[in-house]
Amino acid sequence: MKVLKFGGTSMGSASAIKKVREVLTKSPEKLVVVVSAVGGVTDMLVKTAEKAVQGADYTPLLSNVMQVHEQIANELFEPELHELVNKQCNNVWQDLQRILQGVSLTKELSQKSYDSIVGIGERLSSVFLSQYIGSAKLFDSRQFIVTEPNGKGHQVKLNETMQAIAELKFSLGHLNIFPGFIASNTDGDTTTLGRGGSDYSAALLAAGLDAECLEIWTDVDGFMSADPRVIKRAYCIDHLSYNEAMELSHFGAKVIYPPTILPVLQKQIPIKVKNTFNPAAKGTLISHETDNRQDVKGLSSIKEVVLITLQGNGMIGSTGIAMRMFRALAGQAINIILISQASSESSISVVLTAADAELARLVLVKEFEKEMNRREINGVTVERDMAVVAIVGEGMKHAPGVSGKLFSDIGRNGVNIYAIAQGASELNISFVVHERDLRKTLNVVHEAFFLSEYQAIHLYLVGVGTVGKNLLEKIERQSKRLLKTERLSIRLVGLANSKQMIFSERGLELSSAMSALEKASPGSIDQFVEQILANNHSNSVFVDCTASEVVAGKYQQLLENNISVVTANKIAGSSSYASYEQLKITARQKGVKYLFETNVGAGLPIINTINGMIQSGDRILQLEAVLSGTLNYIVNTVNAEKPLSTVVEEAMRLGYSEPDPRIDLKGTDVLRKLLILARESEYPIEEQHVELEPFVPVEYFTDESVDAFINRLKTYDATFEQMRSNAEANGRVLRYTASFREGRAKVGFVEVAANHPFYNLADSNNKVILRSDYYYEHPMEIKGYGAGADVTAAGVFADIIKVANL
């Protein structure tokens, strides 16, 4: 024999009840079936009772309850059977109307009346199901489950209840229906079993009847690894121990309620959680067996709680403080969810529901009034809008590193923990965070412990020009390899250009992201950043593939909110030294990354090399470099037959230069790169400290169009050719370089001889020469292709992977 319980959603409509019948009629075993009220009905009955006790017109609410049931009956039953059901239900409706009328007249709602009102839903739903199945026997749970008063509610008298249920065995048929939630006291008055009461009714019947299994049928496939409404990639847990299920239930997993487990646990009756709307799903098995293959089994949370703290140096070594605190709260029937105490005994924190906050504060202020007057206790602080998160698993016992991993990952994502509680059983680690951080916290923990075979990072990309497009292509091409070899999943969750933006919680398809962006809603960079912060994803990375000063201005805000920044945009790194330093400091303080390797040399490891030298204790003394692949291509290509203006146009066509070549020809780009390298070498220089000789004289830079500029540039062809030919006549070549030595920074032309490292620097290659304490006589040289969208995108991609790996 099995006991099956169907919840409110399973009884919530005619179509749902039909699915319940399908489940029941397929079973060859003897079944005991417990049903909840139609979904939402109990809440409506509570509101009806509240209206009645106020003396207000409760009839519209009562009509709503009646209409819900009438609609279901109309869809389920043929006319003859419908009439019979109506007769059975009329007795229930008459009881309800009589009680409500009495409450309205006396303006008094006793516990007896309240229980009679809110238990009506189960009385009706059990009639519906028994009549719809036809062959089922209908029982009244109030004749078997006996309760006695307990504080604000009732508790089951187990001996009397188990004895009454045991006697049921001889009167059961093949299919037996019981209303859940309702019971009776020794006087025969209707009582209720409180939150999750129908689950508890089913567990009591299963224990009393020695059932082989208790099945809880609901609207989810089973216990999930986390709340699927928050964690899209949550999955169903195959197996839990009784203890694991109780812990998860206590901390907000509403699949099953903690009292349900106690009666069946004592008789080692397994519980199966199944989905009425997906009966083929495997579900979750709860039993006495323990599966330790995974340290952490589930993740649960409770919102709308407060953290109340009693603190004061006078508490240290003082006996009885905790006892008085808990006794005072218990005296008002205030339930404590979590307790945390400092080892110094100078503070005790408890978590309560938000509804109990003010009463708890007043109670504690009164209890410790004398100590507060003597300033032994500072006071009672109440921190609102908090949430409790718990990770649960029998496998955590004696498993080192679980707490370390948990809190390290949470801290790296910028979430502050206000209190921590862990029992000696090591079954549960609970902690308190602000409610605004709950979504991120759940995502961080779920990815760390339940999807730990790989790490997911959430990518937000701004800028879809040649570099941005190239980056998306590289990520798409490499995604399978990264998943396999690096255990890294890069999820593009946000994409923006200068006019539009698009977001996807599950991640945009990389192959169609560009076309999706073209159809997306308008949006500014301010709105894009606001949405990033609102999403509050774990392991978020903002990637800037623009040359926008406005976008660069958002880095500080992003870093402050624990979002790593990867950028190919040189503006932030070459702005004021104070701004540059603040970005670096913020990233370090927040434990996130601010990476900009492609600011200099595209994909060349120049900045990374300098960082490594500095970290090893080396000191950069001199720096000399060709830093513009565009300008090096130009000086290498210009000759007597191919003038400067022609080569500039060619560089534009090949994509070596910016669309407006004046950005390169002014020398500003090289100046910015020199600033960044000098600063990374720990020299706090500003732009005004750099002596700049433009590649083309300043008088050529006007506000005219690019075409007009190229025409004007033709007048400079002869002058530039003269410079080049003069150098050539001396056995030298022109190079446009950046240098820093003895505190002096310079950008401009130099002529180099055949023995110089820059002499044979071909095409658009870059080269950096570093002289340091360790590399002075034999300097460090870094050379390679330093221009183009492909290598720049590769460098950005490498920085993204560094964020994940560091």
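Presented here is a report on the structure given in the accompanying data block. In every chain, residue numbers begin from 1 and rise along the written sequence. Note on the predicted model: pLDDT of at least 70 is required for a residue's local features to be given, and 80 or more for side-chain atom pairs to be given and counted; whole-chain, interface and lining totals, by contrast, use all residues. Calculated side-chain values reflect all of the structure's heavy atoms, with hydrogen atoms and water omitted.

Attention now moves to the pattern of salt bridges. A pair can form between side chains of opposite charge whenever their charged atoms are brought close. A pairing counts as a salt bridge when a side-chain nitrogen of Lys or Arg comes within 4 Å of a carboxyl oxygen of Asp or Glu. Within the structure shown, the criterion is met by 36 salt bridges. Glu728 is the salt-bridge partner of Arg724, the closest N and O atoms lying 3.5 Å from each other. Within this pair, Arg724 and its partner Glu728 are both found in helix H28 (residues 717–729), separated by four residues, close to a single helical turn. A relative accessible area of 13% places Arg724 in the buried class. In this structure, Glu781 and Lys767 form a salt bridge, with 3.1 Å as the shortest nitrogen-oxygen distance. In this pair, Glu781 is assigned in strand E31 (residues 780–785) and Lys767 in strand E30 (residues 765–772), connecting sequence segments 14 residues apart. Each residue gets one of three labels from its accessible area relative to the maximum for its type: buried under 20%, exposed over 50%, partly exposed in between, using a 1.4 Å probe on protein chains only. The exposure class of Lys767 is buried, given its relative accessible area of 9%. Counting from the N terminus, the helices are the DSSP runs of H or I reaching at least four residues and the strands are the DSSP runs of E reaching at least two.

In this fold, Glu721 is placed in helix H28. A polar contact of 2.7 Å, which involves the side chain of Glu721, links it to the side chain of Arg724. It only takes one pair of heavy atoms within 4.5 Å for two residues to be counted as in contact. Setting aside residues no more than four positions away along its own chain, Glu721 makes contact with Val638, Asn639 and Ala640. Here a polar contact means two N or O atoms within 3.5 Å. Within protein one must be a hydrogen donor candidate and the other an acceptor candidate, and residues neighboring in sequence count only if both atoms are side-chain atoms.

Here we come to helix H16 (residues 466–486). Consider a residue and the seven residues that end there alongside the seven that start there; fitting an axis to each set, the bend is the angle between those axes. Remark: the principal bend of H16, roughly 50°, maps to Gln478. All of the buried residues in H16 are Val467, Gly468, Asn470, Leu471, Leu472, Lys474, Ile475 and Leu482. On the buried face of H16, the contacting elements are strand E19 (455–462), strand E20 (488–496), helix H17 (513–518), strand E23 (540–544) and helix H29 (789–805). Following H16 by one or two positions, Arg487 adopts a phi angle in the positive range, close to 55°.

Moving on: the packing of helix H3 (residues 59–76) against helix H6 (residues 120–133). Across the interface, H3 lies against H6 with an axial gap of 11 Å and an inter-helix angle of 0°. If you check the angle between H3 and H6, you find them roughly parallel. Along its contact with H3, which presents His69, Ile72, Ala73 and Leu76, the element H6 presents Leu124, Phe128 and Tyr132. Each residue gets one of three labels, nonpolar for Ala, Val, Leu, Ile, Met, Phe, Trp, Tyr, Cys and Pro, charged for Asp, Glu, Lys and Arg, and polar for the others, Gly among them. Considered class by class, the residues forming the contact of H3 with H6 number six nonpolar, one polar and no charged. For helices, the axis comes from a line fit to the C-alpha atoms of the stretch in contact; other axes are also lines fit to C-alpha atoms, and the angle between any two N-to-C directions lies between 0 and 180 degrees. Here is the rule for angles: anything less than 35 degrees is roughly parallel, anything more than 145 is roughly antiparallel, 65 through 115 is roughly perpendicular, and the remaining ranges are oblique.

Our focus in this paragraph is the packing of aromatic side chains. Each pair of aromatic rings taken from Phe, Tyr and Trp, with Trp reduced to its six-membered ring, is defined by centres within 6.5 Å and is described as stacked if the planes are under 30 degrees apart, edge-to-face if over 60, and tilted in the remaining cases. One pass over the full model with this rule turns up 23 aromatic pairs. Pairing Phe695 with Tyr736 gives two aromatic rings, centres 5.4 Å apart and planes at 65°, and the pair type is edge-to-face. Here the residue Phe695 occupies a position in the loop between strand E27 (690–692) and helix H27 (706–713), and Tyr736 occupies one in strand E28 (residues 733–741), the gap between them amounting to 41 residues. When the centroid spacing of 5.1 Å and the interplanar angle of 70° are considered together, the rings of Tyr736 and Phe749 count as edge-to-face. With Tyr736 in strand E28 and Phe749 in strand E29 (residues 744–752), the pair connects residues that are 13 residues apart, well separated along the chain. For the pair Tyr736 and Phe749, a shared accessibility class is recorded, and that class is buried. Each residue in the set Phe695, Tyr700, Tyr716, Phe720, Tyr736 and Phe749 is aromatic and connected to the rest through ring pairs, giving one cluster.

Along the chain, Glu78 turns up in the loop between H3 and helix H4 (79–106). Residue Glu78 is classed as exposed on the basis of its relative accessible area, which comes to 60%. For the pair formed by Glu78 and Thr161, sequence separation is 83 residues and the distance between their alpha carbons is 38 Å.

Before going further, it helps to examine the nonpolar core. Grouping buried Ala, Val, Leu, Ile, Met, Phe, Trp, Tyr and Cys residues that are joined through side-chain atoms within 4.5 Å yields what is termed a nonpolar core. Phe542, Leu644, Leu665 and Phe695 are the most contacted members of the largest nonpolar core, which has 76 residues in total. No other element matches helix H26 (residues 668–680), which puts seven residues into this core. For Leu644, the contacting residues outside a window of four places in its chain are Ile634, Val638, Phe695, Val696, Leu713, Tyr716, Asp717 and Phe720. Counting residues in each nonpolar core, the second largest holds 44 residues, with Val85, Leu124, Ile133 and Trp217 among its members.

Note: strands within a sheet are paired through backbone hydrogen bonds, in either parallel or antiparallel orientation. Any two strands with at least two DSSP-identified bridges between them are counted as paired. Across the sheet, which stays open at both edges, the six strands sit in the order E14-E15-E13-E16-E18-E17 with antiparallel pairing between neighbours. Edge strands, defined here as strands with exactly one partner in the open sheet, are strand E14 (338–341) and strand E17 (419–422). Direction aside, neighbouring strands of the sheet carry axes that sit 30° apart on average. The pairing of E17 with strand E18 (residues 428–434) spans four bridges and is antiparallel. When the bridges of E18 are listed, Gln422 appears paired with Ile429. Strands in contact with helix H11 (residues 321–331) are strand E13 (298–311), E14 and strand E15 (347–353); relative to E15, the strand with the most contacts, it is inclined by about 15°. Most of the contacts of helix H12 (residues 357–367) go to strand E16 (residues 379–392), to which it runs at about 125°, and overall it touches E13, E15 and E16.

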